[in-house]
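Here's the letter readout for the chains.
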Amino acid sequence: MVDRSEKSGFELVKQVGVNDLNETQTLAFKIVERDWPMLHRNPGRAVRLSRVTFEGLLRVENAETFKQTLVKGIGREKAFGMGMMTVIPEA
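Quick caveat, the model's predicted, so the values are computed rather than measured.

S.K.: Looking at this structure, I do not really get a positive patch on the surface. What am I missing?
M.R.: A grouping of R4, K7, K72, R76 and K78 is seen on the molecular surface, where their side chains present a positively charged patch. You can see R4 is positioned in helix α1 (residues 2-5). Residue classification places R4 among the partly exposed residues on the basis of a relative accessible area of 32%.

This is the structure:
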């Protein structure tokens, strides 16, 4: 996700931990779920997909590019219904 963010019109927000005396910046996202479902296409032939669910903060850098990312998805497995993003504005 990190390497694709810029060309997708957004950047991942960096944060500093509350008790971090060194003020080390880390990205404000986490992986909340990961699995590898099998897609059975033809008899005797299956494709293993990689599915990951992220939660975190991002900042839109290019609104038009980001809109296209929301519509088209992100990643190689878009054709299999993955790579879609749900974005909830910060309150």
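Having seen the structure, we can now continue with the description.
S.K.: Explain the environment of N62 here, please?
M.R.: You can see N62 is positioned in the loop between β8 (58-60) and α2 (63-72). A relative accessible area of 35% places N62 in the partly exposed class. With 53 residues separating them in the primary sequence, N62 and G9 have C-alpha atoms 4.6 Å apart. Reaching out from N62, the side chain makes a polar contact with the backbone nitrogen of E64 at a distance of 3.2 Å. A distance of 3.0 Å separates a polar side-chain atom of N62 from the backbone nitrogen of T65.

S.K.: In this structure, what is going on with the pairing of strand β5 (residues 38-42)? I would like to understand it.
M.R.: When a strand is regular, its side chains alternate between the sheet's two faces. By the bridge criterion, four bridges tie β5 to strand β6 (residues 45-48) in an arrangement that is antiparallel. Bridge pairing in β6 places H40 opposite A46. Linking β5 to β6, which pair antiparallel, is a turn of two residues; within it G44 sits at a positive phi near 80°.

S.K.: Please clarify how the pattern of salt bridges should be interpreted in this entry.
M.R.: Side chains that carry opposite charge are capable of pairing whenever their charged atoms lie near each other. Applying the stated rule across the entire model yields three salt bridges. As a salt-bridge pair, D35 and R51 come within 2.8 Å of each other at their nearest N and O atoms. Here R51 lies in strand β7 (residues 51-56) and D35 lies in strand β4 (residues 29-35), a separation of 16 residues in the sequence. According to the relative accessible area criterion, D35 is partly exposed, its value standing at 22%. A salt bridge links K67 to E64; the shortest N-O distance between them is 3.6 Å. Placement of the pair is K67 and E64 together in helix α2, with a separation of three residues, close to one helical turn. Looking at K67, the relative accessible area reads 47%, which means it is partly exposed. Look at E64 and you get exposed, because its relative accessible area is 51%.

Criteria and cut-off values
In this convention, every chain numbers its residues from 1, walking through the sequence in written order. At least 70 in pLDDT is required for a residue's local features to be given in this predicted model, at least 80 for side-chain atom pairs to be given and counted, and no such filter applies to totals for whole chains, interfaces and linings, which use all residues. The basis for the side-chain values is all heavy atoms of the structure; hydrogens and waters are excluded. Patch rule: a residue counts if its relative accessible area is over 30% and it has no salt bridge; like charges are joined within 9 Å, and nonpolar side chains (Val, Leu, Ile, Met, Phe, Trp, Tyr) within 5 Å. Only the protein chains shown count as covering a residue, and every accessible area follows the Shrake-Rupley method with a 1.4 Å probe. For salt bridges, the criterion is a side-chain nitrogen of Lys or Arg within 4 Å of an Asp or Glu carboxyl oxygen. When charges are counted, Lys and Arg are positive and Asp and Glu negative, with His and the chain ends excluded. All charge positions are set by atom: Lys at NZ, Arg at CZ, Asp at CG, Glu at CD. Comment: elements are numbered from the N terminus, with helices defined as DSSP H or I runs of at least four residues and strands as E runs of at least two. Relative accessibility under 20% of the residue-type maximum defines a buried residue, over 50% an exposed one, and the middle range a partly exposed one, all with a 1.4 Å probe and only protein chains included. Under this definition, polar contacts are N or O atom pairs within 3.5 Å; protein pairs additionally need one hydrogen-donor-capable and one acceptor-capable atom, and for neighbouring residues in sequence, both atoms have to be side-chain atoms. Paired strands, as defined in this entry, are two strands with at least two bridges between them according to DSSP.

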